[in-house]
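Now for the letters of each chain:
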Amino acid sequence: MTNPVFVSSYITLRSNKILLNGEVIFEAKEATTLNFFQAVYDHFQLNYPKFFKMDNLCKTGFIASELLLRTQKLSETYHPEQIGIILSSANSSLDTDIKYQASIATAPSPSLFVYTLPNVLIGEICIRHRIKGEAACFVFDIFDATFQTDYVNLLFETGKVKACISGWADYYSSKAEAFFYLVENTGSETTLKNNAENVNRIWNNLNT
Amino acid sequence: MSELIDTLKVQIIEQLNLQHLKPEDIGDDQPLFVEGLGLDSIDALELIVLLQQKYGIKLANPQDGPLVFKTVKSIADYITEHKK
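Residues numbered from 1 in each chain as written. Chains lettered and ligands numbered in written order. Predicted model: local features only at pLDDT ≥ 70, side-chain atom pairs only at ≥ 80, totals over all residues. Heavy atoms only, no water.

Asker: Even after reading the chapter, I still don't get the overall build of chain B, so can you show me in this structure?
Answerer: For chain B, the count of helices and strands is four helices and zero strands. Written out in order from the N terminus, the α and β elements of chain B read α-α-α-α. In summary, chain B has a C-alpha radius of gyration of 12 Å against a globular reference of 12 Å for 84 residues, a match within 12%. Once the C-alpha set of chain B is aligned to its principal axes, its extents read approximately 30 × 25 × 20 Å. In chain B, which comprises 84 residues, the share counted as buried stands at 39%. Of the contacts formed within chain B by residues at least 6 apart in sequence, a portion of 56% connects residues at least 24 apart. A total accessible area of about 4900 Å² is found for chain B, and carbon and sulfur atoms account for 52% of it. Computed over 8 positive and 14 negative side-chain charges, the separation of the two mean positions in chain B equals 6 Å. (Helix = DSSP H or I, 4+ residues; strand = E, 2+ residues; numbered from the N terminus. Rg over C-alpha atoms; globule rule 2.2 N^0.38 Å. Buried < 20%, exposed > 50% of the residue type's maximum accessible area, 1.4 Å probe, protein only. Contact = heavy atoms within 4.5 Å. Areas by Shrake-Rupley, 256 points an atom, 1.4 Å probe, with all protein chains shown as cover. Lys, Arg positive; Asp, Glu negative; His and termini not counted. Charge placed at Lys NZ, Arg CZ, Asp CG, Glu CD.)

Here it is as structure tokens:
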């Protein structure tokens, strides 16, 4: 029997609202998505100038990871190689792909081109939080809690990670959505175990 | 020259997505890369695109890049020298 792993904390970003562990921590109802990103950056004083160079998918994921890990510095607890990040997305880098394709008509933009891969989303978060463990970004039509939990739990069972950011990040046509949760191998009886049922319950509760 | 330098600062901020900066934050002789503004290799490519798009200038010798893009003033000097 394998040791259980736990969901330590979770965050969602959707419809210009951010919830951390189910509690609203920021909301800007009237803002456009791009203004919302700026408002979050200013409100939480993220102080990371590279943020402005990121495409919108990366900004979505960056904000989710930044606020999820704000009170929990992974690098102080784990070696970089012990921290993984496994995400999935529906539209992947499509929003930037379209913008890059449009730029080809005049002058192809190098700064757009570098964001025409969903793995760059992972890379930006890894750079920021010094993550050097298993990293992958999968493309699914919808969030698949069974796949996510099976994959992440296998990483723990095989000793590849001791902490892992898991979840979903998506951006297309001005619609941003993220659901990140931190999985660790420490927890109490009241901490949620990282299984599909629990993760689906969180995801579905947050969708209502 | 002063007008060109001011214009360049605005264009650099826009082209390189440096929204956290204002034109007056960039010194005429401040290094743009590494210890200065901290620009990277992708930014260098964007500066090449900027020269082509806004001023119709192609960098004849890529090895000149580090000198041409050293500061805003050095870019302005290069534009003044090469603009037709």
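Now that the structure is up, let's keep going.
Asker: In this structure, what is going on with the overall build of chain A? I would like to understand it.
Answerer: Helix and strand content of chain A: eight helices and eight strands. Relative to its length of 208 residues, chain A is compact, with a C-alpha radius of gyration of 17 Å against a globular reference of 17 Å. Dimensions of chain A along its principal axes, counting C-alpha atoms only, are 60 × 35 × 35 Å. Across the 208 residues that make up chain A, the buried fraction comes to 52%. Intrachain contacts of chain A at a sequence separation of at least 6 include 65% that bridge at least 24 residues. Of the roughly 10100 Å² of accessible surface on chain A, a fraction of 50% belongs to carbon and sulfur atoms.

Asker: Mind showing me how you'd approach the pairing of strand β3 (residues 23–27) of chain A here?
Answerer: In the case of a regular strand, side chains alternate between the two sheet surfaces. Residue and element names in this part refer to chain A. Relative to β3, strand β2 (residues 17–20) runs antiparallel, the two sharing four bridges. Residue pairing in the sheet places Ile-18 in a bridge with Phe-26 of β3. Between the antiparallel neighbours β2 and β3 lie two residues, among them Asn-21 with a positive phi of about 50°. (Pairing = 2+ DSSP bridges.)

Asker: Explain the pattern of salt bridges to me, please; I cannot follow it from the model alone.
Answerer: Should their charged atoms come close, side chains of opposite charge can pair. Applying the stated criterion across every chain, the model contains eight salt bridges over all chains. Arg-128 of chain A is the salt-bridge partner of Glu-66 of chain A, the closest N and O atoms lying 2.5 Å from each other. In this pair, Glu-66 of chain A is assigned in helix α2 (residues 56–68) and Arg-128 of chain A in helix α6 (residues 119–129), connecting sequence segments 62 residues apart. A salt bridge links Lys-9 of chain B to Asp-28 of chain B; its shortest N-O distance comes to 2.6 Å. Placement of the pair is Lys-9 of chain B in helix α1 (residues 2–15) and Asp-28 of chain B in the loop between α1 and α2 (41–55), with a sequence separation of 19 residues. (Salt bridge = Lys/Arg side-chain N within 4 Å of Asp/Glu carboxyl O.)

Asker: In this structure, what is going on with the packing of α2 of chain A against α6 of chain A? I would like to understand it.
Answerer: The geometry of a pair of packed helices is captured by two quantities: the angle between their axes and the separation between those axes. Residues and elements named next belong to chain A. In the contact formed by α2 and α6, the axes pass within 9 Å of each other and the chain directions differ by 35°. As α2 packs across α6, the resulting crossing turns out to be right-handed. Two secondary-structure elements touch here, α2 through Leu-57, Cys-58, Gly-61, Phe-62, Ser-65 and Glu-66 and α6 through Val-120, Leu-121, Glu-124, Ile-125, Arg-128 and His-129. The residue inventory of the contact of α2 with α6, partitioned by class, reads six nonpolar, three polar and three charged. (Axes fitted to C-alpha atoms, helices over the stretch in contact; angles between N-to-C directions. Left-handed = near helix turned anticlockwise from the far one by under 90°. Nonpolar A, V, L, I, M, F, W, Y, C, P; charged D, E, K, R; others polar.)

Asker: How should I be thinking about the environment of Ala-64 of chain A in this particular structure?
Answerer: Residue and element names in this part refer to chain A. Within the element layout of this structure, Ala-64 appears in helix α2. Residue classification places Ala-64 among the buried positions, given a relative accessible area of 2%. For the pair Ala-64 and Ala-169, spaced 105 residues apart in sequence, the C-alpha to C-alpha distance is 8.7 Å. What Ala-64 contacts, discounting residues up to four positions off in sequence, is Ile-11, Ala-178 and Phe-180.

Asker: What is the right way to look at the nonpolar core in this model?
Answerer: As a rule of thumb, nonpolar side chains are buried together in soluble globular proteins. Of all hydrophobic cores here, the largest spans 44 residues; its most connected members are Ile-18, Ile-63, Ile-165 and Phe-180 of chain A. Secondary structure elements with two or more residues in this core: β1 (6–14), α1 (33–43), α2, β4 (83–89), α6, β6 (163–172) and β7 (175–184) of chain A. The element contributing the most residues to this core is α2 of chain A, with seven residues. Dropping the residues within four chain positions of it, Ile-165 of chain A is found in contact with Leu-69, Leu-74, Gly-84, Ile-85, Ile-86, Ile-125, Ile-131, Phe-180, Tyr-181 and Leu-182 of chain A. Formed by 24 residues, the second largest nonpolar core is a distinct cluster that contains Leu-4, Ile-13, Leu-47 and Leu-51 of chain B. (Core = buried A, V, L, I, M, F, W, Y, C linked by side-chain atoms within 4.5 Å.)

Asker: Mind showing me how you'd approach the pairing of β1 of chain A here?
Answerer: Residues and elements named next belong to chain A. Burial within β1 is extensive, with eight of its nine residues counted as buried. Of the pairings in the sheet, the one linking β1 to β7 comprises eight bridges and is antiparallel in character. Paired with Tyr-10 across the two strands is Tyr-181, which belongs to β7. Two elements, β1 and strand β8 (residues 192–193), share two bridges in a ladder whose sense is antiparallel. Counted as the bridge partner of Val-7 is Leu-192 from β8. Pairing of β1 with β2 involves four bridges; the strand directions are antiparallel. Within β2, the position partnered with Arg-14 by the bridge is Lys-17. The antiparallel pairing of β1 with β2 creates a hairpin that spans two residues between the two strands, and Ser-15 there sits at a positive phi of about 50°.

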